[in-house]
Amino acid sequence: METLMSILVGLFFSIGTYLVLSKSLIRIILGTSIISHGVNLLILTMGGLKKGGPPLLGGINTTFTDSLPQALILTAIVINFAVTALFLVLSYRTYKTLGTDDMDQLRGMKDE
Amino acid sequence: MNNVVIMPIIIPLIAGLIMILFRQNIRFQRFLSILAIMASGFVAVILMGQIKGKGIQTLQAGGWDPPFGITIVADMFSALLLLSTSIVALFCLIFAFKSIGKERESHYFYPFYLFLITGVNGSFLTGDLFNLFVCFEVMLISSYVLISLGGTKIQLRESIKYILINVLSSSLFLLGVAYLYAMLGTLNFAHLSLRVAEAGQDGLLTTVALLFLMVFGMKAALFLFFWLPEAYSAPPIAVAAIFAALLTKVGIYAIFRMFTLVFYHEPQITHLIIGILGALTMILGAIGAVAYWDIKKILTYNVIVGVGFIMAGLASFTSNGIMGSMYYLIHDILIKALIFLLGGTIISLTGTSKLKEISGLIRNHPYLGWMFFIAALSLAGIPPLSGFLGKVFITRGTFESEYYWLGGIGLLTSLMVLYSIMKVFMNVFWGETHLSKEMEKGTTKGLMFPMGCLTVLTISLGLGAEGIHEYVRLATESLLNPKLYIEAVMGGSQ
């Protein structure tokens, strides 16, 4: 299972990197989003994909799952959600103001 | 357990939240923001007293024993940085009152400013790696807003790149967290340090350490500074000053924390690489500062040189080097804010940032000129101003650990910094005055007070270095002796 997840994470990263390297701003944002999903899956995998009950005292389970990676991912997802929303809004505004979403034309060389 | 420790995070956060409710009442927002920042500076002073008397202060959120709960830790290093943060934030805020403009003020400038301070303070105080990530994000999201607030063309263009870089480096940060959790099963700094000491820092851990160096280096502009010069020249003066003073310092703080507390077992690999990166940063930054004829560019490249220099102290890994870094870090926070405010005032007076189009400002603005002169000398580390002592200790540290090349590069780049900033001074303030008072685009009215205060601070920090020596020594001691930190956090539950 861990092997499969690792391959999936690798796939996410390669797709994300491919998108981030493209010219269009919206594809870049989608790329960062996919990369951070890859990272979230990686955190889940790194905690060990054990089968078991919740880690509660007095329960009848003898094997437990590690709940910490899930807590970490939850926080990371919320943060990523906020940043992606802000990024999308800002890219829309940039497109409206500057009239382009091509990263080549957004290079900051004009004022030098 | 000490509840005061969390105050520097809570106070600006709550003040910022309250301010959102009073969007139109700018007078109230100004008052509350000053009050909140002064309060958090006051708490930092109290903390410094407590740490000096009773050792490192900790707070376990909810009473959960470490490493299971969230830990907030204040050692002398954090407390010193907290105090400098509050001082600089206060003066940049006063500067912003007059310069930021009505539009930005009524669009939540002050709340985001305070959230930025919340994130910075949080990063200095947090005791585990994941909360460091969270505080980084709080700081970064506020900085995204501050850099793009106003929506001018250059701001939008640069903020897009700034956000992209930081989103990617945050992903890499989480990647490092994931690997570290897989290997060591914990994220608490003190516990991590214990586990690494038990298991030994093998090749894999060193690789992860270098991943963290890359991530924090991106935030601190250590070698990976390609994003910085343009991002820092986009926003308004007050915002650029607070960015230059604080944002890179948070990355520097994280590097110091990780590489003195957790990954200190293989200095011949990690610290040597830090040294090489620091040297490259200094050289490239100094070349940039010397090459440009644009005030904004020269100042932003000077930020980069400072980062490299502080890292040289860490690379030497001797008590002198680290002590020098502490002194220089505090000095750098103050002086970067001051020099950015001064440079920004010059730009707003003349309406241009090109050196060749400005001359002879000293006739109409003598105080501005002399303050710039003092700030320039202090930046280059001329005695008796505040930069000098840090430079001496860092250079001594690098010589003691036999990194002569590193110390040499540090001294050489200091000269280049002096040249670059004197170039600004001579071009702007000397020569023919072809800008009469009536033709000026802006005014210095109300702006002199914060800049004057910062100038006085940089002089008194240089002359009165004895006064903070005891605190700096304690900070160095706690950095070089991880046992103190571990004992304070883990206590009896080891």
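Just so we're clear, the structure is a prediction, and the values are computed from it rather than from any experiment. (Residues numbered from 1 in each chain as written. Chains lettered and ligands numbered in written order. Predicted model: local features only at pLDDT ≥ 70, side-chain atom pairs only at ≥ 80, totals over all residues. Heavy atoms only, no water.)

### Concerning the overall build of chain B
Next, step 1: A count of helical and extended segments in chain B gives 20 helices and two strands.
Next, step 2: Here the C-alpha atoms of chain B give a radius of gyration of 22 Å, agreeing with the 23 Å that 2.2 N^0.38 yields for 494 residues.
Next, step 3: A burial count over chain B gives 64% of its 494 residues as buried.
Next, step 4: Separation of charge centres in chain B, based on 29 positive and 23 negative side chains, amounts to 11 Å. (Helix = DSSP H or I, 4+ residues; strand = E, 2+ residues; numbered from the N terminus. Rg over C-alpha atoms; globule rule 2.2 N^0.38 Å. Buried < 20%, exposed > 50% of the residue type's maximum accessible area, 1.4 Å probe, protein only. Lys, Arg positive; Asp, Glu negative; His and termini not counted. Charge placed at Lys NZ, Arg CZ, Asp CG, Glu CD.)

### Quick notes on the packing of helix α14 (residues 319-350) of chain B against helix α19 (residues 465-480) of chain B
Residue and element names in this part refer to chain B.
Next, step 1: Running from N to C, α14 and α19 cross one another at 125 degrees; their axes reach a closest spacing of 9 Å. By the angle class used here, α14 and α19 are oblique. Between α14 and α19 lies a crossing of right-handed hand. Of α19, the residues touching α14 (which contributes Ser319, Ile322, Met323, Met326, Tyr327 and Ile330) are Ala465, Ile468, His469, Val472, Arg473, Ala475, Thr476, Leu479 and Leu480. (Axes fitted to C-alpha atoms, helices over the stretch in contact; angles between N-to-C directions. Parallel < 35°, antiparallel > 145°, perpendicular 65-115°, else oblique. Left-handed = near helix turned anticlockwise from the far one by under 90°. Contact = heavy atoms within 4.5 Å.)

### Quick word on the pattern of salt bridges
Residue and element names in this part refer to chain B.
Next, step 1: Summed over the entire model, instances satisfying the criterion amount to nine salt bridges over all chains.
Next, step 2: One salt bridge in this structure joins Glu105 and Arg30, with 2.8 Å as the shortest N-O distance. Here the residue Glu105 occupies a position in helix α4 (residues 102-105), and Arg30 occupies one in helix α2 (residues 26-54), the gap between them amounting to 75 residues.
Next, step 3: Under the relative-accessibility criterion, Glu105 is labelled buried at 4%.
Next, step 4: Ionic contacts of the salt-bridge type, sharing partners, join the residues Arg157, Glu158 and Lys161 into one network. (Salt bridge = Lys/Arg side-chain N within 4 Å of Asp/Glu carboxyl O.)

### Some thoughts on empty space enclosed by the protein
Next, step 1: Summed over all chains, the structure comprises four cavities of 30 Å³ or more.
Next, step 2: Counted as a void, the largest cavity has a volume near 120 Å³.
Next, step 3: Around the largest cavity, the lining is made up of 14 residues, and of these Asn80 of chain A together with Phe133, Val167, Ser170 and Ser171 of chain B lie nearest the centre.
Next, step 4: If you list the elements that add at least two residues to the lining of the largest cavity, you get α2 (25-46) and α3 (68-98) of chain A together with α6 (129-148) and α7 (153-184) of chain B. (1 Å grid on protein atoms, 1.4 Å probe; cavity = no way out; pocket = protein on both sides within 12 Å on 5 of 7 lines; lining within 4 Å. Points joined across faces, edges and corners; volume = space filled by probe spheres on them.)

### Re the nonpolar core
Next, step 1: Membership of the largest hydrophobic core comes to 205 residues, with the highest contact counts inside it found for Leu129, Phe173, Phe212, Phe216, Ile255 and Phe256 of chain B.
Next, step 2: Excluding anything up to four places from it in sequence, Phe256 of chain B contacts Phe77, Leu261, Ile310, Met311, Leu314, Ile322, Ser325, Met326 and Leu479 of chain B. (Core = buried A, V, L, I, M, F, W, Y, C linked by side-chain atoms within 4.5 Å.)

### Some points on the packing of helix α3 (residues 76-99) of chain B against helix α18 (residues 448-463) of chain B
All names here are of chain B.
Next, step 1: One can describe the packing of α3 onto α18 by two numbers: an axis separation of 8 Å at closest approach and a directional angle of 155 degrees. Judged by the angle between their axes, α3 and α18 are roughly antiparallel. Contacts from Ile87, Phe91, Ile94 and Phe95 in α3 reach Phe449, Pro450, Met451, Cys453, Leu454 and Leu457 in α18.
Next, step 2: Here the contact of α3 with α18 is composed, by residue class, of ten nonpolar, no polar and no charged. (Nonpolar A, V, L, I, M, F, W, Y, C, P; charged D, E, K, R; others polar.)

### Focus: the interface of chain B and chain A
Next, step 1: The interface of chain B with chain A comprises 34 residues on the first partner and 37 residues on the second.
Next, step 2: For the pairing of chain B and chain A, the buried interface totals around 3,100 Å² over both sides, and the portion due to carbon and sulfur atoms is 80%.
Next, step 3: Considering only the side of chain B, the residues that lose the most area to chain A are Arg157, Ile160 and Tyr181 of chain B, jointly responsible for 22% of the buried surface there.
Next, step 4: Where chain B packs against chain A, one counts one residue pair in polar contact (both at pLDDT 80 or more).
Next, step 5: If one sorts the elements of the side of chain B that touches chain A by residue count, α7 of chain B sits on top with 20 residues.
Next, step 6: A class-by-class count of the residues in the side of chain B that touches chain A yields 22 nonpolar, four polar and eight charged. (Buried area = accessible area lost by both parts, 1.4 Å probe. Polar contact = N/O pair within 3.5 Å; in protein donor to acceptor, adjacent residues only side chain to side chain.)

### Observations concerning the pairing of strand β1 (residues 57-60) of chain B
All names here are of chain B.
Next, step 1: Both faces of β1 are covered, namely the face carrying Gln57 and Leu59 and the face carrying Thr58 and Gln60.
Next, step 2: Alignment of β1 against strand β2 (residues 71-74), held across four bridges, turns out to be antiparallel. By the bridge assignment for β2, Thr58 is matched with Val73. (Pairing = 2+ DSSP bridges.)

### Describing the UniProt feature "domain: NADH:quinone oxidoreductase/Mrp antiporter transmembrane" (unreviewed entry) in chain B
Next, step 1: The feature "domain: NADH:quinone oxidoreductase/Mrp antiporter transmembrane" (unreviewed entry), as annotated in UniProt, sits at residues 127-416 of chain B in this numbering.
Next, step 2: A distance of 38 Å separates the end C-alpha atoms of residues 127-416 of chain B, which is 80% helix and 0% strand. (UniProt positions renumbered as here; feature names shortened; annotations may be inferred.)

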